[in-house]
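Tertiary structure, described
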Amino acid sequence: DTGVSQNPRHKITKRGQNVTFRCDPISEHNRLYWYRQTLGQGPEFLTYFQNEAQLEKSRLLSDRFSAERPKGSFSTLEIQRTEQGDSAMYLCASSLREGLLFFGSGTQLSVL
Amino acid sequence: ILNVEQSPQSLHVQEGDSTNFTCSFPSSNFYALHWYRWETAKSPEALFVMTLNGDEKKKGRISATLNTKEGYSYLYIKGSQPEDSATYLCAFFQGGNKLVFGAGTILRVKS
């Protein structure tokens with residue numbers, strides 16, 4: 001399968017724990033985006049990379065969130081000291097330059 | 001902060017009805033507008049990318065128009081079918097940077 005892959009599909013954690021999600025984009029895509037989606041809302045922008053460079057990070061994002069894309073391939077999103085408000089679907093998408101985005105299936109995070 | 005507004009929030013139509021939704025976006029520094037369809041339990045699926053004022057795109061029974069000067073795009077579905085039921089998202093690309101999504105229009109088509 002050459003689509004965008006996200007792992008894990010579901011994650012349940014206790015408040016205060018750290019979690020890390022992984023995204024493998026389509027191989028020839030140079031852009032990679034992270035979005036968060038909660039019920040009744042559209043995807044909320046978190047951050048994006050062009051190759052290995054993180055070009056923008058949402059001002060709504062606290063310092064507990066960090067993302068990396070070493071070598072411009074896969075990306076990880078880490079949330080430290082999770083809070084119940086972090087519960088959401090975390091979506092990754094990739095694109096070729098400014099073209100259409102191809103999304104992964106998402107990681108559903110539940111913080112208890 | 002970019003505001004991308006979509007209306008209506010939700011829509012319930014009968015099979016065979018034609019319908020349309022609106023996406024409003026800032027008209028300054030326009031780069032591109034995207035439309036996506038998001039079915040329950042699936043990933044968002046790309047429909048169109050629109051870049052020029054007056055653009056019209058078509059994919060089967062779905063079409064879209066773009067007015068960059070006044071900052072809106074319409075998505076039309078002709079002869080709605082139950083399988084068209086989904087959330088339709090528009091997303092705005094300002095200056096070729098991040099893509100900002102609207103909240104979506106939820107379409108339910110009854111057979």
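Here's what I pulled together on the structure shown here. In this text the structure is predicted, and so the values were computed from the model without any measurement.

1. As for the overall build of chain B
Scanning chain B for helices and strands turns up zero helices and 11 strands. Starting at the N terminus and walking to the C terminus, you meet the elements of chain B as β-β-β-β-β-β-β-β-β-β-β. Taken over the C-alpha trace, chain B has a radius of gyration of 13 Å; the compact-globule value for 111 residues is 13 Å, and the two agree within 12%. With respect to the three principal axes, the spread of C-alpha positions in chain B is 40 × 25 × 20 Å. Burial statistics for chain B: of 111 residues in total, 49% are counted as buried. In chain B, of all internal contacts separated by at least 6 residues, the share reaching a separation of at least 24 is 53%. Entry remark: accessible area of chain B is about 5,300 Å², with carbon and sulfur atoms responsible for 45%. Computed over 11 positive and 10 negative side-chain charges, the inter-centroid distance for chain B is 3 Å.

2. Considerations on the interface of chain B and chain A
Interface size is often expressed as the accessible area that is lost when the parts come together. With 19 residues of chain B at the interface, the matching set in chain A holds 20 residues. The largest share of the area that chain B buries against chain A comes from B:Trp38, B:Lys98 and B:Phe101, three residues that together contribute 29% of it. Inspection of the chain B/chain A interface yields one salt bridge. Where A:Glu56 meets B:Lys98, a salt bridge forms, and the shortest distance between an N and an O atom there is 3.2 Å.

3. Details of the pattern of salt bridges
Residues and elements named next belong to chain A. Applying the stated criterion across every chain yields a total of eight salt bridges over all chains. Glu83 serves as the salt-bridge partner of Arg64, at 3.4 Å between the closest nitrogen and oxygen. With Arg64 in the loop between strand E6 (53–57) and strand E7 (65–68) and Glu83 in the loop between strand E8 (75–79) and strand E9 (88–95), this residue pair connects regions lying 19 residues apart in the sequence. Note on Glu83: relative accessible area 40%, which makes it partly exposed.

4. Notes on the pairing of strand E2 (residues 10–14) of chain B
Residue and element names in this part refer to chain B. In E2, alternate side chains face the same way, and those of Leu11 and Val13 are buried while those of Ser10, His12 and Gln14 on the opposite face are not. Relative to strand E11 (residues 105–110), E2 runs parallel, the two sharing five bridges. Note on E11: the bridge partner recorded for Leu11 is Leu107.

5. As for the nonpolar core
Judged by nonpolar contacts, the single largest core of 24 residues is most densely connected at B:Leu33, B:Trp35, B:Phe48, B:Leu75, B:Tyr88 and B:Leu107. Of all elements in the fold, only E2, strand E3 (19–24), strand E4 (30–38), strand E5 (45–50), strand E7 (62–67), strand E8 (72–77), strand E9 (86–94) and E11 of chain B reach the threshold of two or more residues within this core. The biggest single contributor to this core is E9(B), with four residues. Ignoring anything within four residues of it in the chain, the contact list for B:Leu75 reads B:Thr19, B:Asn20, B:Phe21, B:Trp35, B:Phe48, B:Ile62, B:Ser63, B:Ala64 and B:Tyr88. A:Phe21, A:Leu61, A:Leu77 and A:Cys92 belong to the second largest nonpolar core, which has 19 residues in total.

Reading guide: rules and limits
Residues numbered from 1 in each chain as written. Chains lettered and ligands numbered in written order. Predicted model: local features only at pLDDT ≥ 70, side-chain atom pairs only at ≥ 80, totals over all residues. Heavy atoms only, no water. Helix = DSSP H or I, 4+ residues; strand = E, 2+ residues; numbered from the N terminus. Rg over C-alpha atoms; globule rule 2.2 N^0.38 Å. Buried < 20%, exposed > 50% of the residue type's maximum accessible area, 1.4 Å probe, protein only. Contact = heavy atoms within 4.5 Å. Areas by Shrake-Rupley, 256 points an atom, 1.4 Å probe, with all protein chains shown as cover. Lys, Arg positive; Asp, Glu negative; His and termini not counted. Charge placed at Lys NZ, Arg CZ, Asp CG, Glu CD. Buried area = accessible area lost by both parts, 1.4 Å probe. Salt bridge = Lys/Arg side-chain N within 4 Å of Asp/Glu carboxyl O. Pairing = 2+ DSSP bridges. Core = buried A, V, L, I, M, F, W, Y, C linked by side-chain atoms within 4.5 Å.

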